[in-house]
Structure formats: structure tokens, C-alpha cells
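# A structural walkthrough
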Amino acid sequence: MQRAAGRRRGERTASEEQLQLVSSAGHDVTAITAAPTSFEIVNAAYGRMTGDQLVEAIDERLSDALADYRSAAVRSGATFTIIVAGDAQVGDAAVDSVERALEQPFTIGNETIHLGARIGVARRVDHETPDHLLRRAAEALAHARASEGVTTRVATEGSGVPIAALAADLHRAMERQEIDVRFQPQVHLIDSRIVGVEALARWHHPRLGELGAETLLAAADRAGLGVALSDHVQALALRRAADWPDALSGLRIAVNVTATDLSRTPFVSRFLARVHEAGIAPGRVTAEVTEGAMIDNLRAASVALAALRAAGCRVALDDFGTGYSSLSYVATLPLDYIKIDRSLTTAAVSDARNRVVLQGVLAIAEGLGLETIAEGVETQAQRQLLAARGCTFYQGFLCAGPLDDAALIDLVRAAAVKGEKKTC
């Protein structure tokens, strides 16, 4: 499988071979973007060399699975972008082949490794460019990653047009106060106290109703408004948290920091000014960053995050277990929290090997003096498993989904009526 040499992470451009295939196939084309999950976790459990061998094994297996199709594939890290020529039936069969290839465990040396995977699919529509087709497949993959229990997401034929239209709408959305935030509680696993929240963006579109963060971010990316959107959401979330009643005054507020945020100069002074303007204590603020936000310049990111911590803020590494990176990130970055991806949270309950991996991740965090936040917790079985193995906090629908201010206040006050203190 061809590697995307020189391609920046997240760039969605077709290779020469893919362009030729699309040109010869016309409209009968399907784009598939597949991303196995939990690579940091595999590295933690088995070592980086095993992780590298695993990617090569995935590459080989996908190549075998697609051998009977007219296809062209590119590999970037552990993300595989595939173009398949043929009608919708052929495309569906190819997707099924990819799913089945990734469902089966991999044997690397003496180890048997089970993987989760997320897959985005898009069918080519009239006059659609190859790059746009791949972008829609990548957007579908992002939706699959964000969805509880969904492993494959198919972009609708018209989904390319709304994103472009939404990009135009977004120019006015912030002025019209259509962009809002919701707050999902973060709960201590031992005593069930709600200790903080993560701010999650929402768009109240006048025609389409409420749109989630993935669609909003895709529109912002298309419109070139990523910086403006990030500034708007951070400022809004911080102001709202500063205005909460006394019953919520001790809650921490986590806001997402993007790769663009980190690359801006001077990021630290801008961010801290935003905290000061909101009137919230830096000690209540957590900056959540992903591995992808730091891939281009780890040193600069480390310096920036250290400055935030020196000012009193905390730092969390988000989506741990979904990318393809070295554990040196965890060892060298100035962190306070690791957020454990929902894929491991879900798998650990039913699979003994994943429980061992979970225990390994928690042990590494404890050894480095970091606290842990498990995402996607929906059942008491998950909660009990995490608590027994030393995880610090959880976030998920077992307590509550993303809430508006009123619902969050009601949740906290309801606990107070029971004689408890901000419990879930």
C-alpha cells in the first residue's frame, strides 16, 4: 500500500494512483477511510516495535482483502484511505471486506492483539472532485469516532453540499449567537462527586436544528474559521462557568485547545487573557489537547503547556488510545490528566486482554503522577471496573450527557437536596 510521504496529518488529498482510478471509473467510486483505534494503548501494552509491526500487518491484510477490487490505497500513520472503483454494490462489498479484515485479531510475534476500528465511507456524486470525496469520507470517519458504538458511518450523497453551505452560514452564526456550549459532567469514581465538566460546542442552526461539534468543526475548517470558532467557544464556555451560582463555583471547566491554537503566537498570553476576561480563576481551567495538536512541534507545545500550568491552569491529553504516537508524549509533556478513550472503556468490560491493557495504562499514569479520566462510561459494570483498577474520574451518559447550564445546575442541586454534595 502506498504511503503518504510528506503529507501532513489530516490532509485529505488524493494520490496520483487514486486520481487515475477516479478518472477511469467516472461516478462509480467509493471512498473508504479506516482508522484502527487504541494505538497508544497497544504501544503501552506491547511496546512501540510491536505497534509498528501491527500497522504493517494491517496494511498487508487490507491489501489482501481488497486484492479482487479495482482499488488504490494510501496509508498515513495508522489511517488507511482507499478508493474503490465500481457501483454501490461493489463499494458495499469492499466496505464489508475492510470491516471483516479489521475484526479478526492480529498475531504479532507471540502476542494476539484485538483491535477496534472506525470507518468512514462516501460515494462519489456528480462532478465531485477526488479531494472532496476523500474529505467527506474523512468527515464520516470523524462522526464514527464520535458516535457511541458506531463503527462505520456512511456519508449521505448530499452531505458534501450542506458542509459547503454550512461554511457560508457559519460566517454569520457567531454574530447571531447560534453557537452554544454544553457541559458534560466529570465524576470522581470513588465518592461520585461531580468535580468538573467538559465544554462541548453546539450549533443551533435556524433551519437544521442542533448540530454537533464534528459538523461544526468541519464547517469551520471549510470556511477557514477554525481560529475564530475556537476563540468564540473558549471565551463563551469560560464566561458561562464564571457566572454559575455558588453551588457550582468549585467545578473545573475543561476547554478544547486545537492545533491551530497551539501554533499561534502568542498562544499562552491570549489564552490566559481570555481566562482573566471571563473572571474565572485559572485554577478551575483545564486545557484539553490531543496528540494531533502537538504532532508538528512537540517542543513548542510542551513549552506552551508548561506556561499554562505555571499560571495555575491544568492540562489534559485527550483521546488517549486513538492515535498513532509514541508514549514519550505522556512521559515528556507537562500533563495533569490522561483521558482514556471510550473504545478501551467499552472493550475492557468484556475482554480480558483489554482489561490488562487498561490496567497498564492506569499504572503508567499513576507512576507519572497523572490522574485519569475515562470517557464514554455508560454502565455500572464499566464504572465498577474502572474504580477497582484505580481510575480517578469518569465522563459519560451513566451520569449525564452534555447539559445546558440550567440542567447542570438542576443536577447539582438535586444531589444537594438528597444531602449529598454534587454527586452523580
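Residues numbered from 1 in each chain as written. Predicted model: local features only at pLDDT ≥ 70, side-chain atom pairs only at ≥ 80, totals over all residues. Heavy atoms only, no water.

### Here's the deal with the overall build of the chain
Quick reminder of the rule: Strands here mean DSSP runs of E at least two residues long; helices mean DSSP runs of H or I at least four residues long; both are numbered from the N terminus. A simple rule labels every residue: compare its accessible area, found with a 1.4 Å probe on the protein chains alone, to the largest value its type can have, and call it buried under 20%, exposed over 50%, or partly exposed in between. Note on contacts: a residue pair is in contact if any heavy atoms of the two residues lie within 4.5 Å. All accessibility values rest on the Shrake-Rupley procedure with a 1.4 Å probe; residue burial counts only the protein chains present in the view.
Counting its regular elements, the chain contains 16 helices and 17 strands. The buried share of the chain, taken over its 424 residues, is 52%. At a minimum sequence separation of 6, the contacts of the chain that also span at least 24 residues come to 70%. Of the roughly 18200 Å² of accessible surface on the chain, a fraction of 49% belongs to carbon and sulfur atoms.

### Comments concerning the pairing of strand S13 (residues 285–290)
Going by this rule: Note: two strands are recorded as paired if DSSP finds a minimum of 2 bridges between them.
For S13, a buried count of five out of six residues is recorded, marking the element as mostly surrounded by other parts of the structure. With four bridges joining them, strand S12 (residues 252–256) and S13 adopt parallel strand pairing. When the sheet's bridge partners are listed, Ile 253 is paired in S13 with Val 285. Relative to strand S14 (residues 314–320), S13 is paired through five bridges, and the arrangement is parallel. Directly across from Val 289, in S14, lies its bridge partner Leu 317.

### A word on helix H1 (residues 16–25)
The condition is simple: Think of it as the arc spanned by the lines of direction from the helix axis to the C-beta atoms.
Along H1, the residues classified as buried are Gln 18, Leu 21, Val 22 and Ala 25. Along H1, the residues classed as buried sweep out an arc of 100° about the axis, all on the same side. Relative to its buried face, H1 has exposed residues pointing more than 90 degrees away, namely Glu 16, Ser 23 and Ser 24. Immediately downstream of H1, the backbone of Gly 26 shows phi near 70°, a positive value.

### Comments concerning the packing of aromatic side chains
Put simply, the test is: Working definition: a ring pair exists when centres of Phe, Tyr or Trp rings (six-membered ring for Trp) sit within 6.5 Å. Plane angles under 30 degrees give stacked, over 60 give edge-to-face, the rest tilted. Either the NZ atom of lysine or the CZ atom of arginine qualifies as a charge over a ring when it sits within 6 Å of the ring centre and within 35 degrees of the ring normal.
Following the criterion strictly, the structure yields three aromatic pairs and no others. Note on Phe 267 and Phe 271: the rings are 5.8 Å apart at their centroids and 40° apart in plane angle, and the pair reads as tilted. Placement of both Phe 267 and Phe 271 in helix H10 (residues 267–278) is noted, with a separation of four residues, approximately one turn of the helix. Like Phe 267, the residue Phe 271 is buried in the burial classification. Relative to Phe 393, the ring of Tyr 337 lies with its centre 6.3 Å away and its plane at 65°, an arrangement referred to as edge-to-face. With Tyr 337 in strand S15 (residues 337–340) and Phe 393 in strand S17 (residues 393–395), this residue pair connects regions lying 56 residues apart in the sequence. The pair formed by Tyr 337 and Phe 393 is uniform in burial state, with each residue classed as buried. A cation sits over an aromatic face here: Arg 61 above Phe 106, 3.7 Å from the ring centre.

### Describing the packing of helix H13 (residues 342–350) against helix H15 (residues 380–388)
Two packed helices can be described by the angle between their axes and the distance between those axes. Under the convention used in this document: Angles shown run from 0 to 180 degrees and are taken between the N-to-C directions of axes, each axis being a line fitted to C-alpha atoms and, for helices, limited to the stretch in contact. Angle categories are assigned with fixed cut-offs, so that under 35 degrees is roughly parallel, over 145 is roughly antiparallel, 65 to 115 is roughly perpendicular, and the rest are oblique. Note that Gly is not counted as nonpolar here; it falls among the polar residues with everything else outside the nonpolar set of Ala, Val, Leu, Ile, Met, Phe, Trp, Tyr, Cys and Pro and the charged set of Asp, Glu, Lys and Arg.
The interhelical angle for the contact between H13 and H15, taken along N-to-C directions, is 90°, at an axis separation of 9 Å. With respect to H15, the axis of H13 lies roughly perpendicular. Contacts between H13 and H15 involve Thr 345, Thr 346, Ala 348 and Val 349 on the former and, on the latter, Ala 381, Gln 382, Leu 385 and Leu 386. When grouped by side-chain class, the residues that make up the contact of H13 with H15 number five nonpolar, three polar and no charged.

### Quick notes on the confidence of the model for the chain
Cut-off, in case you're wondering: The pLDDT value tells you how sure the predictor is about a given residue, anywhere from 0 up to 100.
A residue-level look at the chain finds 85% of positions with pLDDT of 70 or above and a mean pLDDT of 84. Every residue in residues 4–11 scores below 50 in pLDDT, and together they form twelve contacts with partners more than four places removed in sequence or on other chains.

### Observations concerning the pattern of salt bridges
Once the charged atoms of two side chains with opposite charge are near each other, the side chains can pair. The line we're drawing: Salt bridges are identified by distance alone: a Lys or Arg side-chain nitrogen within 4 Å of an Asp or Glu carboxyl oxygen.
Throughout the structure, instances matching the rule amount to 19 salt bridges. A salt bridge links Arg 176 to Glu 178; the shortest N-O distance between them is 3.9 Å. With a shortest N-O distance of 3.0 Å, Glu 198 and Lys 339 are connected by a salt bridge. In this pair, Glu 198 sits in strand S10 (residues 194–205) while Lys 339 sits in strand S15, placing the two residues 141 residues apart along the sequence. Of the two residues, Glu 198 and Lys 339, both sit in the buried class.

### Structural notes on the nonpolar core
The criterion, for reference: Nonpolar cores were defined as sets of buried Ala, Val, Leu, Ile, Met, Phe, Trp, Tyr and Cys residues, with membership established by side-chain atoms within 4.5 Å.
In terms of nonpolar packing, the biggest core is built from 75 residues, with Leu 170, Ile 179, Phe 183, Trp 203, Ile 253 and Phe 271 touching the most fellow members. Broken down by element, the residue count for this core peaks at six residues, all from helix H8 (residues 226–242). Dropping the residues within four chain positions of it, Ile 179 is found in contact with Leu 170, Ala 173, Met 174, Arg 202, Trp 203, Leu 216, Leu 229, His 232, Val 233 and Leu 236. In this structure, Val 42, Ala 57, Ile 58 and Leu 62 belong to the second largest nonpolar core, which totals 26 residues.

### Digging into helix H14 (residues 352–367)
Convention followed: Multiply 1.5 Å by the residue count of a helix minus one, and that product is the helix's expected span.
Over its 16 residues, H14 runs 23 Å from end to end, which matches the ideal 22 Å to within 8%, given 1.5 Å per residue. The set of residues buried in H14 consists of Asn 354, Val 357, Leu 358, Val 361, Leu 362 and Ala 365. One face of H14 carries all of its buried residues, which in axial projection span an arc of 135°. What points out from H14, more than 90 degrees from its buried face, is the exposed set Val 356, Glu 366 and Gly 367. Note on H14: the residue one or two positions beyond its end, Gly 369, has a positive phi of about 75°.

### Thoughts on the pairing of strand S9 (residues 179–188)
Within S9, ten of the ten residues are buried, leaving the element largely enclosed by the surrounding structure. Bridge count for S9 against S10 is nine bridges, and the pairing is antiparallel. From the neighbouring strand, Asp 180 faces S10, where its bridge partner is Arg 202. Pairing between S9 and S17: two bridges, direction antiparallel.

### A closer look at the packing of helix H3 (residues 48–65) against helix H4 (residues 88–103)
Our working definition: Helix crossings are classified by the rotation of the near helix relative to the far one: an anticlockwise turn of less than a right angle makes the crossing left-handed, while a clockwise turn makes it right-handed.
Taken N-terminus to C-terminus, the directions of H3 and H4 make an angle of 145°; their axes are 9 Å apart at the nearest point. Judged by the sense of rotation from one axis to the other, the crossing of H3 with H4 is right-handed. Between H3, through Ile 58, Arg 61, Leu 62 and Ala 65, and H4, the contact on the second element is made entirely by Ser 97, Val 98, Ala 101 and Leu 102. Of the residues contributing to the contact of H3 with H4, the split by class is six nonpolar, one polar and one charged.

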